[in-house]
2 protein chains.
Amino acid sequence: MQIGELARTTSTKVETIRFYEKIGLLPKPSRTSGNYRDYGSDHLARLSFVRRARGLGFRLDQVRELLPLSDDQNRSCSAVDIVARAHLARIDQKIADLRVLRYELDELISHCRKGAISDCRIIEALGPPNEAGY
Amino acid sequence: MQIGELARTTSTKVETIRFYEKIGLLPKPSRTSGNYRDYGSDHLARLSFVRRARGLGFRLDQVRELLPLSDDQNRSCSAVDIVARAHLARIDQKIADLRVLRYELDELISHCRKGAISDCRIIEALGPPNEAGY
DNA sequence: ATGCAGTCTATAGCTGCTATAGGGTCAAGC
DNA sequence: GCTTGACCCTATAGCAGCTATAGACTGCAT
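Residues numbered from 1 in each chain as written. Chains lettered and ligands numbered in written order. Predicted model: local features only at pLDDT ≥ 70, side-chain atom pairs only at ≥ 80, totals over all residues. Heavy atoms only, no water.

Some details on the protein's contact with DNA strand D
Thought 1: Near DNA strand D there are 20 residues, and of these Arg-54 and Arg-59 of chain A together with Gly-4, Arg-18 and Arg-37 of chain B occur at the shortest range.
Thought 2: The separation between a phosphate oxygen of DNA strand D and a polar side-chain atom of Arg-37 of chain B is 2.7 Å.
Thought 3: Going through the elements one at a time, α2 (14–22) of chain A together with α1 (3–10) and α2 (14–22) of chain B are the ones with two or more residues in the surface near DNA strand D.
Thought 4: Looking at side-chain class alone, the surface near DNA strand D contains six nonpolar, six polar and eight charged residues. (Near = heavy atom within 4 Å. Polar contact = N/O pair within 3.5 Å; in protein donor to acceptor, adjacent residues only side chain to side chain. Helix = DSSP H or I, 4+ residues; strand = E, 2+ residues; numbered from the N terminus. Nonpolar A, V, L, I, M, F, W, Y, C, P; charged D, E, K, R; others polar.)

Now the structure itself:
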């Protein structure tokens, strides 16, 4: 299986696969006589793992943490659980942050609509501390 | 006012201010005899604007869009409104995406807890499409 | 033989900073 | 007058996580 096919089956760009190889996230595959990368099912499995983990928002260093755990199926669950829970906490924090942001922005927009054209609340709120009180 | 003071009053790092200047987000200030940057209230106002907008999650190119609008107070509100609403929509989308993510991850974790040590659902779910059905 | 899709390496670019190296400036204290 | 220390200067490289480019080769069909 050459790189393009692997890319298609995992919805990954070719360059990304080569990038993962370069940073050691994917093992170097064997090469054909024409120096083309030749992948097997083990590469597919590993890349799928990486992509799924990335899709769940894990950062590359966390994926790196999870990878060896995926190898020995025994006793790994608790270790995985720790990483996953930490990640969940970060996601919750991010959601909370975005909600605050959303609220603030929504406030600004609704004031903008109500206000006269000449005094835009958004612009005002974005001004310096001493000019626009907030 | 030199750069350190401007940095402190706007909670910005000195390097960030110089960076903003380099990319043309802040106008070049005059220099003292010793080649130190010398800022005035206009710089303070503009940097405050940039930082507030960034704090609301606007990207730098959006801040660039908003900046000229902040200059002419008349007729700008609707233009600002458009940018702000687009930003709000993106935030909503991001929150929705994170919620889906959160749910998926939570599912995995709870199954992991319930399951036996040897079959970790998280690892399983991260496997390739043909090995772990999902 | 030629064309074209696919692959190769190496390198630079993206966003939004942050950090480093290696120097200059300025006010205070001895 | 000289040093110390805090501040400032420029230029450059680095971070994540890719993405894009240049310039060359391979492999298959016509």
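Considering the environment of Glu-21 of chain A
All names here are of chain A.
Thought 1: Looking at the secondary structure, you find Glu-21 in helix α2.
Thought 2: Discounting chain neighbours no more than four positions away, the residues touching Glu-21 are Leu-26, Lys-28, Pro-29, Arg-31, Arg-37 and Tyr-39.
Thought 3: A polar side-chain atom of Glu-21 sits 2.8 Å from a polar atom in the side chain of Arg-37. (Contact = heavy atoms within 4.5 Å.)

Brief notes about the protein's contact with DNA strand C
Thought 1: Looking at DNA strand C, there are 20 residues lining it, with Gly-4, Arg-18, Tyr-36 and Arg-37 of chain A together with Arg-54 of chain B nearest.
Thought 2: Per the 4 Å cut-off to the protein, sugar and phosphate atoms form 80% of the nearby atoms of DNA strand C.
Thought 3: A distance of 2.6 Å separates a phosphate oxygen of DNA strand C from a polar atom in the backbone of Arg-37 of chain A.
Thought 4: Put simply, the parts of the chain that give the surface near DNA strand C at least two residues each are α1 (3–10) and α2 of chain A together with α2 and α3 (41–55) of chain B.
Thought 5: Ranked by residues supplied to the surface near DNA strand C, first place goes to α2 of chain B with three residues.
Thought 6: For the surface near DNA strand C, the per-class residue count stands at six nonpolar, six polar and eight charged.

What to know about the pattern of salt bridges
Thought 1: In the structure shown here, the tally under the stated rule is eight salt bridges over all chains.
Thought 2: With its nearest N and O atoms 2.7 Å apart, the salt bridge here joins Arg-85 of chain A to Asp-81 of chain A. On the criterion of helical spacing, the pair formed by Arg-85 of chain A and Asp-81 of chain A is a turn pair, its members being four residues apart in helix α5 (residues 77–114).
Thought 3: A residue is classified by how much of its surface remains accessible, and Asp-81 of chain A, at 2% relative accessible area, is buried.
Thought 4: A salt bridge links Asp-92 of chain B to Arg-102 of chain A; its shortest N-O distance comes to 2.6 Å. Highlighted residues: Asp-92 of chain B in helix α5 (residues 77–114) and Arg-102 of chain A in helix α5, drawn from two different chains.
Thought 5: You can call Asp-92 of chain B partly exposed: its relative accessible area is 30%.
Thought 6: A residue is classified by how much of its surface remains accessible, and Arg-102 of chain A, at 25% relative accessible area, is partly exposed.
Thought 7: Salt bridges here are not isolated pairs; linked through shared partners, they connect Asp-92 of chain A together with Arg-102 and Asp-106 of chain B. (Salt bridge = Lys/Arg side-chain N within 4 Å of Asp/Glu carboxyl O. Buried < 20%, exposed > 50% of the residue type's maximum accessible area, 1.4 Å probe, protein only.)

Points about the side chain of His-43 of chain A
Residues and elements named next belong to chain A.
Thought 1: Of note, His-43 is situated in helix α3 (residues 41–55).
Thought 2: For His-43, a relative accessible area of 10% translates into the label buried.
Thought 3: One polar contact links His-43 to Asp-42, side chain to side chain, over a distance of 3.4 Å.

A closer look at the packing of α2 of chain A against α3 of chain A
Residue and element names in this part refer to chain A.
Thought 1: The geometry of α2 relative to α3 is characterised by a closest axis approach of 12 Å and an angle of 100° between their N-to-C directions. As summarised for this structure, α2 and α3 are arranged roughly perpendicular, according to the angle between their axes. Facing α2, whose interface residues are Thr-16, Ile-17 and Tyr-20, α3 presents Leu-47, Val-50, Arg-51 and Arg-54.
Thought 2: In terms of residue class, the contact of α2 with α3 is built from four nonpolar, one polar and two charged. (Axes fitted to C-alpha atoms, helices over the stretch in contact; angles between N-to-C directions. Parallel < 35°, antiparallel > 145°, perpendicular 65-115°, else oblique.)

The analysis is restricted to geometry; functional conclusions fall outside its scope.
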